[in-house]
Amino acid sequence: MECEYQIKGTTLRIFLPQELDHHVSARLREEADLMVETHFIRTIIFDFSGTDWMDSSGIGVVIGRCKHMGYSGGEVSAEHLNERIQKIFVVSGLHKIIKVT
């Protein structure tokens, strides 16, 4: 399963697949950046409701979108983290830079 995207106003919601690995991350990086630029996105919400696993490239793509949005004054958040993804957020330090709802 690939990522699904939903744009409402200046908010981009990204529904992540079951596994966020390097194959998905490369495409996600390109598609999200294109949408941010073409739709004047100010907020990105990563929805982890369907995600069971994420590797370091997934962490990298999330951090990269935070930096990208930070340059333009936007914000990034994550929601619906299961226990495993929450542990990844804590171990990687993502919970310190991304608002988790």
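Everything below is about the structure shown above.
Attention in this report is confined to the structure presented alongside it.

Looking at the overall build of the chain
Link 1 in the chain: The secondary structure content of the chain amounts to four helices and seven strands.
Link 2 in the chain: For the chain, the N- to C-terminal ordering of α and β elements is β-β-β-α-β-β-α-β-α-α-β.
Link 3 in the chain: Over its C-alpha trace the chain gives a radius of gyration of 12 Å, about what one expects of a compact globule, namely 13 Å for 101 residues.
Link 4 in the chain: By principal-axis analysis of the C-alpha atoms, the chain measures approximately 35 × 30 × 20 Å.

Brief notes about the pattern of salt bridges
If charged atoms from side chains of opposite charge come close, those side chains can pair.
Link 1 in the chain: Considering all chains together, one arrives at four salt bridges under this definition.
Link 2 in the chain: The partner of Glu79 in a salt bridge is Arg13, with the nearest N and O atoms 2.1 Å apart. One end of the pair, Glu79, is in strand β6 (residues 75-79); the other, Arg13, is in strand β2 (residues 11-15), with 66 residues separating them in the sequence.
Link 3 in the chain: For Glu83, the salt bridge goes to Lys87, with nearest N and O atoms at 3.7 Å. Separated by four residues within a single helix, Glu83 and Lys87 lie in helix α3 (residues 83-92), roughly one turn from each other. One exposure class covers both Glu83 and Lys87, and it is exposed.

Thresholds, definitions, all that
- All chains use their own residue numbering, which begins from 1 and follows the written sequence.
- It should be noted that, the model being predicted, local features are given only for residues of pLDDT at least 70 and side-chain atom pairs only at 80 or more, the latter also being counted only at that level, while totals for whole chains, interfaces and linings use all residues.
- Side-chain numbers here rest on the full set of heavy atoms in the structure, without hydrogens or water.
- A run of DSSP states H or I qualifies as a helix once it reaches four residues; a run of E qualifies as a strand once it reaches two. Both are numbered from the N-terminal end.
- Note that the radius of gyration is over C-alpha atoms, with the globule rule given as 2.2 Å times the number of residues to the power 0.38.
- Any Lys or Arg side-chain nitrogen found within 4 Å of a carboxyl oxygen on Asp or Glu counts as a salt bridge.
- Relative accessibility thresholds used throughout: buried, under 20% of the residue-type maximum; exposed, over 50%; partly exposed, between the two (1.4 Å probe, protein chains only).

Read these as geometric descriptors, not functional statements.
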